[in-house]
Amino acid sequence: MRVLVIEDDEELAETVAIGLRDARMAVDVALDGDRGLARALVHDYDVIVLDRDLPAVHGDEVCARLVAAGGRSRVLMLTGAAEDADLIEGLELGADDYLAKPFAFAVLVARITALARRAQPSIPPMLEHGDLVLDVLELLLAAQGRVVSAEELLERVWDEAADPFTAAVKVTISRLRAKLGDPPVIETVAKAGYRI
């Protein structure tokens, strides 16, 4: 799961990012609305954690522009304002969920996970292909035979800190092949990617 945290409090943003990475999420961070919006319009995030009170471009404007762009990312708005009117206003702007600060980190993780489930077509908890039954390799199995490029794997599994010229995808596929054994399950499609 890939998450974008748009939060101007650098310490809070980094704390949230570290915690979400520990929860096995790929996390990118933007410290103002302008940079956050630019990233959100370029990358395909499952969930965007959006502080409402941002410099450069206000969180309300970021949310409205994301909704207008028609992206599939779910928006979880964070704010220090906990009044019902603030919550209603945030949801009316197009946010999918709203969480007041301070918050319990476990609640944040649970809400992000719930939103991510709605951000994409439902994938069963156990994925199957022929005799292979796994709860990993989500992207390849969910593609149902479609070729998944190395770029897409890198984009969906690793965060922005990953070097686009890295051999991480190749190495990971190689390790998965070794673990899965024979007959080979993962096929390399020349100049296109991988498929099961």
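Before going into details, it helps to say that this report is about the structure given with it.

Calculation rules
- Residues numbered from 1 in each chain as written.
- Predicted model: local features only at pLDDT ≥ 70, side-chain atom pairs only at ≥ 80, totals over all residues.
- Heavy atoms only, no water.
- Helix = DSSP H or I, 4+ residues; strand = E, 2+ residues; numbered from the N terminus.
- Buried < 20%, exposed > 50% of the residue type's maximum accessible area, 1.4 Å probe, protein only.
- Contact = heavy atoms within 4.5 Å.
- Areas by Shrake-Rupley, 256 points an atom, 1.4 Å probe, with all protein chains shown as cover.
- Pairing = 2+ DSSP bridges.
- Axes fitted to C-alpha atoms, helices over the stretch in contact; angles between N-to-C directions.
- Arc of directions from axis to C-beta.
- Salt bridge = Lys/Arg side-chain N within 4 Å of Asp/Glu carboxyl O.
- Polar contact = N/O pair within 3.5 Å; in protein donor to acceptor, adjacent residues only side chain to side chain.
- Parallel < 35°, antiparallel > 145°, perpendicular 65-115°, else oblique.
- Left-handed = near helix turned anticlockwise from the far one by under 90°.
- Patch = residues over 30% accessible without salt bridge, like charges linked within 9 Å, V, L, I, M, F, W, Y side chains within 5 Å.
- Lys, Arg positive; Asp, Glu negative; His and termini not counted.
- Charge placed at Lys NZ, Arg CZ, Asp CG, Glu CD.

## What to know about the overall build of the chain
Here comes step 1: Across its full length, the chain holds eight helices and nine strands.
Here comes step 2: In the chain, which comprises 196 residues, the proportion classed as buried is 38%.
Here comes step 3: Within the chain, contacts between residues at least 6 apart in sequence are counted, and of these 59% link residues at least 24 apart.
Here comes step 4: When the accessible surface of the chain is split by element, carbon and sulfur atoms take 53% of a total near 10900 Å².

## What to know about the sheet that holds strand E3 (residues 47-51)
Here comes step 1: Spatial ordering of the open sheet is given by E2-E1-E3-E4-E5, a layout of five strands whose pairing is parallel. Edge strands, defined here as strands with exactly one partner in the open sheet, are strand E2 (26-30) and strand E5 (97-100). Across this sheet, the average inter-strand angle for adjacent strands is 20°, counted without regard to direction.
Here comes step 2: Strand direction decides the pairing type here: strand E1 (residues 2-6) and E3, joined by four bridges, are parallel. Each bridged residue has a counterpart across the sheet, and for Val-5 the counterpart in E3 is Val-49.
Here comes step 3: Here helix H2 (residues 33-42) sits on the sheet and contacts E1, E2 and E3; the angle it forms with E1, its principal contact strand, is near 160°.
Here comes step 4: Packed on one face of the sheet, helix H5 (residues 105-118) meets E1, E3, strand E4 (74-79) and E5 and runs near 155° to E4.

## Let's talk about H2
Here comes step 1: When we look at burial in H2, the residues that qualify are Gly-33, Gly-36, Leu-37 and Ala-40. Along H2, the residues classed as buried sweep out an arc of 95° about the axis, all on the same side.
Here comes step 2: Buried residues along H2 sit in contact with E1, E2, E3 and helix H3 (59-69).

## What to know about the pattern of salt bridges
Here comes step 1: A full pass over the atoms with the stated rule returns 13 salt bridges.
Here comes step 2: Between Arg-35 and Asp-32 there is a salt bridge, with its nearest N and O atoms 2.9 Å apart.
Here comes step 3: Across the pair Asp-51 and Lys-101 runs a salt bridge, and its minimum N-O distance is 3.2 Å. Of the two residues, Asp-51 sits in strand E3 while Lys-101 sits in the loop between E5 and H5, which places them 50 residues apart along the sequence.
Here comes step 4: Through salt bridges that share partners, Glu-7, Asp-51 and Lys-101 make up one connected network.

## Considerations on unusual backbone geometry
Here comes step 1: The step from Lys-101 to Pro-102 runs through a cis peptide bond, and the omega angle for that step is -10°.
Here comes step 2: You can see Pro-102 is positioned in the loop between E5 and H5.
Here comes step 3: In this chain, Asp-182 is followed by Pro-183 through a cis amide linkage whose omega measures 0°.
Here comes step 4: Its location among the elements puts Pro-183 in the loop between helix H8 (168-180) and strand E8 (187-189).
Here comes step 5: Phi at Arg-24 takes a positive value of approximately 70°, unusual for a residue other than glycine.

## A few points about the side chain of Asp-28
Here comes step 1: Relative to the helices and strands, Asp-28 is located in strand E2.
Here comes step 2: Take Asp-28: its relative accessible area is 0%, and that puts it in the buried class.
Here comes step 3: For Asp-28, the side chain forms a polar contact with the side chain of Arg-2, separated by 2.5 Å.

## What about the packing of H2 against H3?
Here comes step 1: One can describe the packing of H2 onto H3 by two numbers: an axis separation of 10 Å at closest approach and a directional angle of 15°. Overall, the two elements H2 and H3 adopt an arrangement that is roughly parallel. As for the relative orientation of H2 and H3, their crossing is right-handed in sense. Contacts between H2 and H3 pair Gly-33, Leu-37, Ala-40 and Leu-41 from the former with Val-62, Arg-65, Leu-66 and Ala-69 from the latter.

## Notes on a negative patch on the surface
Here comes step 1: Taken together, the side chains of Asp-8, Asp-9, Glu-10, Glu-11 and Asp-53 define an acidic patch exposed on the protein surface.
Here comes step 2: On the secondary structure map, Glu-10 appears in helix H1 (residues 10-22).
Here comes step 3: Look at Glu-10 and you get exposed, because its relative accessible area is 54%.

By themselves, these figures tell us nothing about what the structure is for.
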